[in-house]
Amino acid sequence: EDLEGLCQNLAQYVGKTLSIEKPFLEARLPDGSRVAVVAPPAARSGLTVSIRRFARERLKPEQLVGWGSATMEALDFIKACLYCKRNTVVAGGTGSGKTTLLNILSSYFPDGDRIIVMEDVSELQVQKEHVVYLETRPADHRGRGEVTMRDLLRAVLRLRPDRIIVGEIRGGEAMELVQALTTGHGGSMTTLHANHAIDAMHRLETMCLMSDINLPVGPLRSQIMSAIDVVVQQNRLRDGSRRIVGIYEAEKIGEQGEYVMRPLFQFQHEGMEVGTGRVLGALRPTGIMPTFAEDIEARGFHLPPAMKAGRRGGMHHER
């Protein structure tokens, strides 16, 4: 009863409803923590509450390297991609650290850029000064006042953004995002749930098909390939560690209409540490050059020596 009273107070505080008709609640506490509530009858075992807390201090790339989640070589490459205005998707499973990585990568944006962030529940903390935060809103008990991610994406183009960050793509709003990314907003970022870079492209395609815009698959894939330049794959490994396991360039549409991805960095497993069970390995360049290598070097960035070997190659959807 105390827990139920707490959840009802929380729902009232954020202007939402928790009832038999609406047994789900997503909210944000004043300290930024994210709360998810599932109530009966949807929760058969009783009222269930999950609170995700976030670090008070703003994380830095060096900390990510210290944890073994990435290498400075890979982060420098992502920084170069963002400076070259390559649209980047951070893909991964639930709890793999996508939001944390997106927060850290946001520190790589140039200081003068106007950044607009859109989320369902605000949890991103972009480490720049010139940031506008937008948030969706559910309808009230009379079905009024709803603001969807699609509404925000349609409105954001009038706010003169240099960069667009979408906290997570979940549905038909993917089509609006793809169209926004192909209209001159390079260097934008988003996250989505996927276990592999190829899966990320197919999942984005599936969500675009959920839109009310009926576009044939062929032209849709061409638009997606034009909108997305780089996919950063973040996974939670068997030992519980969260690591970047791959960085891929969306290269082209193949002869059979499939997505062709160019693996630029890949995590190389080296076994398990005896006693602790910790996964051993490192994120290393594959030796394959990105197609925009000249643009990177023209802006004063340096490619890893292993990447300058210049081997060419792509990875089709069969992996």
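Residues numbered from 1 in each chain as written. Predicted model: local features only at pLDDT ≥ 70, side-chain atom pairs only at ≥ 80, totals over all residues. Heavy atoms only, no water.

Caption draft 1: Fine view of the overall build of the chain. Per the secondary structure count, the chain includes 9 helices and 12 strands. Its C-alpha atoms give the chain principal-axis dimensions of about 65 × 55 × 40 Å. Among the 319 residues that make up the chain, the fraction classed as buried is 48%. Relative to all contacts within the chain whose residues are 6 or more apart in sequence, the contacts with residues 24 or more apart total 53%. Roughly 15900 Å² of accessible area belongs to the chain as shown, and the carbon and sulfur atoms make up 49% of that amount. Charged side chains of the chain number 40 positive and 39 negative; the gap between the two group centres comes to 1 Å. (Helix = DSSP H or I, 4+ residues; strand = E, 2+ residues; numbered from the N terminus. Buried < 20%, exposed > 50% of the residue type's maximum accessible area, 1.4 Å probe, protein only. Contact = heavy atoms within 4.5 Å. Areas by Shrake-Rupley, 256 points an atom, 1.4 Å probe, with all protein chains shown as cover. Lys, Arg positive; Asp, Glu negative; His and termini not counted. Charge placed at Lys NZ, Arg CZ, Asp CG, Glu CD.)

Caption draft 2: Layout of the sheet that holds strand β6 (residues 131-135). Read across the open sheet, the 9 strands follow the order β6-β5-β7-β8-β4-β9-β10-β11-β12; overall the sheet is mixed. Both edges of this open sheet fall to β6 and β12 (279-285), since each of them pairs with a single strand only. Mean inter-strand twist for the sheet, computed between neighbouring axes without regard to direction, equals 25 degrees. Relative to the sheet, helix α8 (residues 217-227) contacts β10 (242-253) and β11 (259-272), its axis offset from that of β10 by approximately 125 degrees. (Pairing = 2+ DSSP bridges. Axes fitted to C-alpha atoms, helices over the stretch in contact; angles between N-to-C directions.)

Caption draft 3: Quick peek at the nonpolar core. Judged by nonpolar contacts, the single largest core of 44 residues is most densely connected at Phe 77 and Ile 244. Listed by contribution, the elements that provide at least two residues to this core are α3 (72-83), α4 (98-105), β5 (115-119), β9 (230-236), β10, β11, β12 and α9 (293-298). A total of 7 residues in this core trace back to one element, the largest contributor, which is α3. Counting 36 residues, the second-largest nonpolar core is a separate cluster that includes Met 149, Met 175, Val 178 and Ala 250. (Core = buried A, V, L, I, M, F, W, Y, C linked by side-chain atoms within 4.5 Å.)

Caption draft 4: Broad picture of the packing of helix α6 (residues 173-181) against α8. Following both chains from N to C, one finds α6 and α8 inclined at 60 degrees, their axes separated by 8 Å at the closest point. The orientation of α6 with respect to α8, classified from their angle, is oblique. Two packed elements cross with a definite hand, and for α6 against α8 that hand is left-handed. Contacts from Met 175, Val 178, Gln 179 and Leu 181 in α6 reach Leu 220, Gln 223, Ile 224 and Ala 227 in α8. (Parallel < 35°, antiparallel > 145°, perpendicular 65-115°, else oblique. Left-handed = near helix turned anticlockwise from the far one by under 90°.)

Caption draft 5: Quick look at the side chain of Gln 233. Tracing the backbone through its elements, the reader meets Gln 233 in strand β9. A polar contact is formed between the side chain of Gln 233 and the backbone oxygen of Ala 194, at a distance of 3.0 Å. With residues near it in sequence (within four places) discarded, Gln 233 still touches Ala 91, Gly 92, Ala 194, Asn 195, His 196, Ala 197, Arg 243, Ile 244, Val 245, Gly 246 and Tyr 248. (Polar contact = N/O pair within 3.5 Å; in protein donor to acceptor, adjacent residues only side chain to side chain.)

Caption draft 6: The arrangement of helix α1 (residues 2-13) in detail. When the terminal C-alpha atoms of α1 are compared, their 16 Å separation across 12 residues agrees well with the 16 Å that a helix rising 1.5 Å per residue should span. The inward-facing, buried residues of α1 abut β1 (24-28), β2 (34-38) and β3 (48-52). Trailing α1 by a residue or two, Gly 15 shows a phi angle of about 75 degrees, which is positive. (Expected span 1.5 Å × (residues − 1).)

Caption draft 7: How the structure looks around the side chain of Lys 128. Mapped onto the fold, Lys 128 is located in the loop between β5 and β6. One polar contact links the side chain of Lys 128 to the main-chain carbonyl oxygen of Phe 109, over a distance of 2.9 Å. In terms of polar contacts, Lys 128 uses its side chain to reach the side chain of Asp 111, at 2.6 Å. Non-local contacts of Lys 128, meaning those with residues more than four positions away in its chain, are made with Ser 106, Ser 107, Phe 109, Asp 111 and Ile 115.

Caption draft 8: Representation of the packing of aromatic side chains. Applying the stated criterion across every chain, the model contains 3 aromatic pairs. Ring geometry for Phe 77 versus Phe 265: centroids 5.5 Å apart, planes at 45 degrees, classification tilted. Of this pair, Phe 77 sits in helix α3 while Phe 265 sits in strand β11, and the two are 188 residues apart along the sequence. Assigned by exposure class, Phe 77 and Phe 265 land together as buried. Within the aromatic cluster, the residues linked to one another by ring pairs are Phe 77, Phe 265 and Phe 292. (Phe/Tyr/Trp six-rings, centres within 6.5 Å; stacked < 30°, edge-to-face > 60°.)

Caption draft 9: Examining the state of the cysteines more closely. Scanning all chains against the criterion turns up 0 disulfides. Here Cys 81 is not cross-linked by a disulfide; its sulfur's nearest cysteine counterpart is in Cys 84, at 6.9 Å. Cys 81 gets classed as buried once you look at its relative accessible area, which sits at 1%. (Disulfide = S-S within 2.5 Å.)

Caption draft 10: Summary view of the packing of helix α7 (residues 197-209) against α8. In the contact formed by α7 and α8, the axes pass within 10 Å of each other and the chain directions differ by 125 degrees. With respect to their mutual orientation, α7 and α8 come out oblique. Once α7 is placed against α8, the crossing between them reads as right-handed. Residues Met 201, His 202, Leu 204, Glu 205, Cys 208 and Leu 209 of α7 touch α8, and the partners they reach there are Val 217, Leu 220, Arg 221, Ile 224 and Met 225. Class assignment for the residues of the contact of α7 with α8 results in 8 nonpolar, 1 polar and 2 charged. (Nonpolar A, V, L, I, M, F, W, Y, C, P; charged D, E, K, R; others polar.)

Caption draft 11: α7, seen in detail. Taking 1.5 Å as the rise per residue, α7 with 13 residues should run 18 Å; its terminal C-alpha atoms sit 19 Å apart, in good agreement. Of the positions making up α7, those classed as buried are Ala 197, Ile 198, Ala 200, Met 201, Leu 204, Glu 205, Met 207 and Cys 208.

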